[in-house]
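Letter by letter, the chains look like this.
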Amino acid sequence: MLLNPIISFVNSPLEQFEVTNLIGINAPIFGYLNISLTNLGLYSILVLFLIVGIHLAGNNEIKLVPSKWSIALESLYASIHSMVREQLGKEIYLPFIYSIFFFILIANLTGNIPYSFTITTSIMVSIGFSFTILIAVTILGLSIHKLHFFSYFVPSGTPLALVPLLVLIELTSYLARAFSLGIRLFANVVAGHTLMKILSTFLYKMFSAGVLAAIITLIPFSLFLAICGLELAVSVIQAYVFTILTCSYIKDVIYLH
């Protein structure tokens, strides 16, 4: 009676999102020192090396004819540059925005490889990103506008009697960005990967059921391939949405609207 729940728990679609310890070293240094490498840390390092490697492969400084990698990176850079210029009007924020976009994009795409780990499915990473961005944006607003920054929480033309209530509402809305930005990324990626895990498990059992069942399963398998393509598109879209919302938050504190 207890065996089936245990099996279903072990084969849970959510198991792929667990952060597990891969290597651990306990050393009696400074009293006690524990050094561990988790799958989250491993894939974070892998994503970093992939980003550096892609940009090195796209380096076109010594070539007369640009390579496909170089053209793709230049097109991507031009798109992000255009978005920053239209949203903010200042290119000083381009390296920051470009780095965020590329990290989330590569992390999402890497997570689509079977048996890999998706960094953005960790709530600590997603919320950590959004909290860090909110704190940085707040510091930016205070450095530009000083105490006038707090006028952002008082809409123009507000009656004096409603100021306390509207300030509370605006402050709550402002702080909610720290959660909404990260949760949006986390929820969309987790939902897609969970669906793919459920469907792949179902299709595997259908293909293993016999020749006739395997032939019939080719129809839902084609739909599964379409969903895989959709998940790749979602990986790109979520990186773009996260980036453009970050630009929007920076724009709000720069121009206070």
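Everything here concerns the structure above.
What you see is a predicted model; the values in this text were computed from it and never measured. (Residues numbered from 1 in each chain as written. Predicted model: local features only at pLDDT ≥ 70, side-chain atom pairs only at ≥ 80, totals over all residues. Heavy atoms only, no water.)

J.: What exactly am I supposed to notice about the overall build of the chain here?
T.: Along the chain, the regular secondary structure elements total seven helices and two strands. Ordering the α and β elements of the chain from the N terminus gives α-β-β-α-α-α-α-α-α. In terms of overall dimensions, the chain is more spread out than a globule: its C-alpha atoms have a radius of gyration of 23 Å, far above the 18 Å expected for 257 residues. Principal-axis analysis of the C-alpha atoms places the extent of the chain at approximately 75 × 65 × 55 Å. The buried share of the chain, taken over its 257 residues, is 33%. The contacts in the chain between residues at least 6 apart in sequence include a share of 67% that link residues at least 24 apart. Within the structure as shown, the chain displays about 15800 Å² of accessible surface, and the carbon and sulfur contribution to it stands at 74%. Here the chain contributes 10 positively and 9 negatively charged side chains, and the mean placements of these two sets differ by 2 Å. (Helix = DSSP H or I, 4+ residues; strand = E, 2+ residues; numbered from the N terminus. Rg over C-alpha atoms; globule rule 2.2 N^0.38 Å. Buried < 20%, exposed > 50% of the residue type's maximum accessible area, 1.4 Å probe, protein only. Contact = heavy atoms within 4.5 Å. Areas by Shrake-Rupley, 256 points an atom, 1.4 Å probe, with all protein chains shown as cover. Lys, Arg positive; Asp, Glu negative; His and termini not counted. Charge placed at Lys NZ, Arg CZ, Asp CG, Glu CD.)

J.: I keep staring at the packing of aromatic side chains and nothing clicks. Help me out?
T.: To describe a pair of aromatic rings, one takes the distance between the centres and the angle between the planes. Enumeration according to the criterion identifies 15 aromatic pairs in this entry. Between F131 and F179, the ring centres sit 5.3 Å apart and the planes meet at 80°, which makes this aromatic pair edge-to-face. With a gap of 48 residues between them, F131 in helix α5 (residues 123-145) and F179 in helix α6 (residues 163-207) connect regions that are remote in the sequence. With a centroid separation of 6.4 Å and an interplanar angle of 70°, the aromatic rings of F149 and Y174 are classed as edge-to-face. Taken as a pair, F149 in the loop between α5 and α6 and Y174 in helix α6 lie far apart in primary sequence, 25 residues in all. A single burial state applies to F149 and to Y174, both of which are buried. Clustering of aromatic rings is evident, with ring pairs tying together F149, F150, Y152, F153 and Y174. (Phe/Tyr/Trp six-rings, centres within 6.5 Å; stacked < 30°, edge-to-face > 60°.)

J.: Please clarify how the nonpolar core should be interpreted in this entry.
T.: Within the largest apolar cluster, 43 residues are counted, with the highest numbers of intra-cluster contacts made by I80, I97, Y174 and I250. Broken down by element, this core gets its largest block of residues, 10 residues, from helix α4 (residues 94-110). Look past the residues within four positions of I80 in its chain and what remains in contact with it is L94, I97, Y98 and F101. (Core = buried A, V, L, I, M, F, W, Y, C linked by side-chain atoms within 4.5 Å.)

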